[in-house]
Amino acid sequence: MAETDLARFVDRYTVEFVRHYPHPIERVWRAVTEPGELAQWFIAPSVWDLKSGGAYRFEDGFKGVIETVEPPRFVRFNFADPIEAGSYFQFELSPEATGTRPRYLQHAEPGTARAWQVPHAWDTPWGGGNLGGWHSGFEELADLLDGVPCGSRRPPTPFNAMAENWAGGLSKIDLTTAQKAQIVRELRERERWFELCDIYRAPIDATLPPAEKEIRS
């Protein structure tokens, strides 16, 4: 994996992913704003009112308000969770000669202690889990845009064969071929997430800017 593919800290409380997809901006915009598209590479929305001030909610309970929508270039979301008050995430799309440059930005409001964090990152949400999750999602977004099944271009691993053999052996459960393939995909998605958790730990520790003051709430 190229180092440039990893998330980068803009400052202690803001992280960005930058990608290039060889597809028109209108196509990428649909992929990051339409429920059916989001369900394939991210999480399916259960509430989705795509307008400034509209509500959103993903099936895992993650929810808030869509603060700003400027098709096909910009959309910003806030968080309903009180601990994340003032935080947001957004997609910025820029057309390029050979496609589209998406920039994903997530900002965490400073000053909120998170008991689960390691000491040097005590007031941030950054960890291998959330950054690895977005990284994996952007890999699957590339698959979706290229017209191949999401996750299908991951290189084979020993776990890949184990997952396929296990799903194939579920003879006592009436599953279709497509359902078995979905099980394998979800297992391999989890495998990739764990791999990215490990990959991101060292860059986070090495590049997270220090806190200006050690005030813990």
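Residues numbered from 1 in each chain as written. Predicted model: local features only at pLDDT ≥ 70, side-chain atom pairs only at ≥ 80, totals over all residues. Heavy atoms only, no water.

Participant: Residue-level account of empty space enclosed by the protein, with values.
Facilitator: All told, the structure shown has two cavities of 30 Å³ or more when counted by the stated rule. Estimates place the volume of the largest cavity at around 50 Å³. Among the elements of the structure, α1 (25-33), β7 (88-96), β8 (99-107) and α3 (128-146) are those that each provide at least two residues to the lining of the largest cavity. Within the lining of the largest cavity, the residues separate by chemical class into ten nonpolar, no polar and one charged. Its boundaries defined by the atoms lining it, the second largest cavity holds a volume of some 30 Å³. V32, L38, F42, W48, F58, F77, F89, F91 and W134 are the residues that line the second largest cavity. The residue makeup of the lining of the second largest cavity, split by class, is nine nonpolar, no polar and no charged. (1 Å grid on protein atoms, 1.4 Å probe; cavity = no way out; pocket = protein on both sides within 12 Å on 5 of 7 lines; lining within 4 Å. Points joined across faces, edges and corners; volume = space filled by probe spheres on them. Helix = DSSP H or I, 4+ residues; strand = E, 2+ residues; numbered from the N terminus. Nonpolar A, V, L, I, M, F, W, Y, C, P; charged D, E, K, R; others polar.)

Participant: Go over the nonpolar core, please, and point to the residues and values.
Facilitator: Membership of the largest hydrophobic core comes to 40 residues, with the highest contact counts inside it found for W41, F91, F138 and L141. With seven residues, the top contributor of residues to this core is α3. When neighbours within four sequence positions are excluded, F138 is seen to be in contact with F17, R19, Y21, W41, F91 and Y104. (Core = buried A, V, L, I, M, F, W, Y, C linked by side-chain atoms within 4.5 Å. Buried < 20%, exposed > 50% of the residue type's maximum accessible area, 1.4 Å probe, protein only. Contact = heavy atoms within 4.5 Å.)

Participant: Go over the packing of aromatic side chains, please, and point to the residues and values.
Facilitator: One pass over the structure, following the stated rule, counts 28 aromatic pairs. Ring geometry for F91 versus Y104: centroids 5.3 Å apart, planes at 55 degrees, classification tilted. Note that F91 is positioned in strand β7 and Y104 in strand β8, a separation of 13 residues in sequence. Looking at R76, its charged tip hangs above the ring of Y88, at a distance of 3.8 Å from the centre. The side chain of R190 reaches across the aromatic face of W193, ending 4.4 Å from its centre. (Phe/Tyr/Trp six-rings, centres within 6.5 Å; stacked < 30°, edge-to-face > 60°. Lys NZ or Arg CZ within 6 Å of the ring centre and 35° of its normal.)

Participant: Tell me about the side chain of T124, residues and numbers included.
Facilitator: With respect to the helices, strands and loops of the structure, T124 is situated in the loop between β8 and α3. What makes T124 buried here is its relative accessible area of 0%.

Participant: Lay out the side chain of R154 with the relevant residues and their values.
Facilitator: Looking at the element boundaries, R154 is found in the loop between α3 and α4 (158-168). Residue R154 is classed as buried on the basis of its relative accessible area, which comes to 13%. Polar side-chain contacts of R154 include one of 3.3 Å to the side chain of S136. (Polar contact = N/O pair within 3.5 Å; in protein donor to acceptor, adjacent residues only side chain to side chain.)

Participant: Can you tell me about the sheet that holds strand β3 (residues 45-48), naming the residues and giving the values?
Facilitator: Judged by pairing direction, the sheet is antiparallel, and its eight strands sit side by side in the order β1-β2-β8-β7-β6-β5-β4-β3 without closing on themselves. Of all the strands in the sheet, the pair left with one neighbour each is β1 (8-11) and β3. Each adjacent strand pair in this sheet contributes to an overall mean axis angle of 25 degrees, direction not counted. Alignment of β7 against β8, held across nine bridges, turns out to be antiparallel. Looking at β8, one finds that E96 is bridged to G99. Against the sheet, α1 contacts β3, β5 (63-70), β6 (74-78), β7 and β8, and its axis sits at roughly 165 degrees relative to β7. Packing of α3 onto the sheet brings it into contact with β2 (14-18), β7 and β8, and relative to β2 it is tilted by some 20 degrees. (Pairing = 2+ DSSP bridges. Axes fitted to C-alpha atoms, helices over the stretch in contact; angles between N-to-C directions.)

So, to be careful, I would describe these as geometric facts and stop short of saying anything about function.
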